[in-house]
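# Tertiary structure, described
If you want the building blocks of each chain, they are given just below.
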Amino acid sequence: GPRPERRVTAAMAPGPDDISRGEIRAIELANLLDRLPAGSRLLEIGAGSGYQASLIAAAGHQVEAVDLHLWGKRVFEVKPYDGVNLPFETASFDAVFSSNVLEHVVRLDELEAEIARVLKPDGFALHVIPTHWWRLWNSVTYYPALPKIIRGALGHLRQEKATPDAVDPAQP
């Protein structure tokens, strides 16, 4: 028969001035992990660096993670996928999780069908989606901080460029 609808609520995390984005994700997960079956096999969609996947795995779950863009430093293995077709067998996950991802998906109906395909018959999907207030707060606080973020990234790139990867044997 049809699966019962599950509603999940989570406490709003403090604003970016009080806490890092990674800490916000950790708080978000702390509010959600108790809803997952113990030792479940879980798929995270839109895993980015794998930070949340690593926290879910540390809580005792078997985790697979996928994302469209594999860039930057990763803390957990994240597999590439095309944004729709999940590279896993049918009925292979107890739960599918995403955080702040679905609002960016262009072919949402197709992805939802894929999520249903990879879920076990008694599995469930759990998606965290930002409210309009959170998106407004995020935008208001992000853009004033953008020059600082860019300066930090450029400084990091300059430091990497200044550090030689290999020694030139022709140089004394």
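What counts and what doesn't
Residues numbered from 1 in each chain as written. Predicted model: local features only at pLDDT ≥ 70, side-chain atom pairs only at ≥ 80, totals over all residues. Heavy atoms only, no water. Helix = DSSP H or I, 4+ residues; strand = E, 2+ residues; numbered from the N terminus. Contact = heavy atoms within 4.5 Å. Areas by Shrake-Rupley, 256 points an atom, 1.4 Å probe, with all protein chains shown as cover. Pairing = 2+ DSSP bridges. Axes fitted to C-alpha atoms, helices over the stretch in contact; angles between N-to-C directions. Buried < 20%, exposed > 50% of the residue type's maximum accessible area, 1.4 Å probe, protein only. Right-handed = clockwise from strand over helix to strand, strands pointing away. Phe/Tyr/Trp six-rings, centres within 6.5 Å; stacked < 30°, edge-to-face > 60°. Lys NZ or Arg CZ within 6 Å of the ring centre and 35° of its normal. pLDDT = per-residue confidence, 0-100. Core = buried A, V, L, I, M, F, W, Y, C linked by side-chain atoms within 4.5 Å.

It is worth spelling out the overall build of the chain at this point. Looking only at helices and strands, the chain has 4 helices and 5 strands in total. Ordered by position in the sequence, the α and β elements of the chain form the string α-β-α-β-β-β-α-β-α. Sequence-distant contacts, at least 24 apart, represent 62% of the contacts inside the chain between residues at least 6 apart. Summed over all atoms, the accessible surface of the chain reaches about 11300 Å², with 57% contributed by carbon and sulfur.

The next point concerns the sheet that holds strand β5 (residues 119-128). One open sheet holds the 5 strands; their spatial order is β3-β2-β1-β4-β5, and the pairing between them is parallel. Strands at the two margins of the open sheet, each flanked by one partner only, are β3 (79-80) and β5. As paired elements, strand β1 (residues 41-45) and strand β4 (residues 93-99) share 4 bridges and run parallel to each other. The residue bridging Leu42 from the neighbouring strand is Ala95, located in β4. Sheet strands in contact with helix α2 (residues 51-58) are β1, β2 (62-67) and β4, and its direction is about 170° off that of β2. Against the sheet, helix α3 (residues 108-118) touches β1, β4 and β5, its axis set at about 135° to β5.

Below, the discussion takes up the pairing of β1. The element β1 is largely enclosed, with a buried count of 4 among its 5 residues. Taken together, the 5 bridges between β1 and β2 define a ladder with parallel strand orientation. Bridged to Glu44 within β2 is Ala65. The parallel pair β1 and β2 is bridged by α2, and the resulting crossover is right-handed.

The two faces of the sheet receive side chains in turn, since in a regular strand these alternate between them. Within β2, 5 of the 6 residues are buried, leaving the element largely enclosed by the surrounding structure. Pairing of β2 with β3 involves 2 bridges; the strand directions are parallel. Across the sheet, the residue bridging to Asp67 is Pro80, located in β3.

Where two aromatic rings form a pair, the distance of their centres and the angle of their planes describe that pair. Within the structure shown, the criterion is met by 1 aromatic pair. Relative to Phe93, the ring of Phe88 has its centre 5.1 Å away and its plane inclined at 90°; by these criteria the two rings are edge-to-face. Neither Phe88 nor Phe93 differs from the other in exposure class; each is buried. The ring of Phe93 carries Arg41 above its face, with NZ or CZ at 4.3 Å from the centroid.

Residues at a pLDDT of 70 or more form 69% of the chain, whose mean pLDDT is 77. At the level of individual helices and strands, the chain shows its lowest average pLDDT in helix α4 (residues 132-162), which scores 66, and its highest in β2, which scores 97. Counting interchain partners and residues more than four positions distant, the pLDDT-below-50 stretch residues 1-17 has 23 contacts. Predicted confidence is poor over residues 165-172, with pLDDT under 50, and the contacts of this stretch with residues over four places away or in other chains come to 0 contacts.

Let us look at the nonpolar core. Of all hydrophobic cores here, the largest spans 16 residues; its most connected members are Leu36, Leu42, Ile56 and Phe97. Every element with two or more residues in this core is listed here: α1 (21-32), α2, β2, β4 and β5. Of the residues forming this core, the biggest block, 3 residues, is contributed by β5. Ile56 has contacts with Leu29, Leu33, Leu42, His61, Val63 and Phe97, leaving out every residue within four places of it along the chain. Within the second largest apolar cluster, 15 residues are counted, among which are Tyr81, Leu86, Val101 and Ile115.

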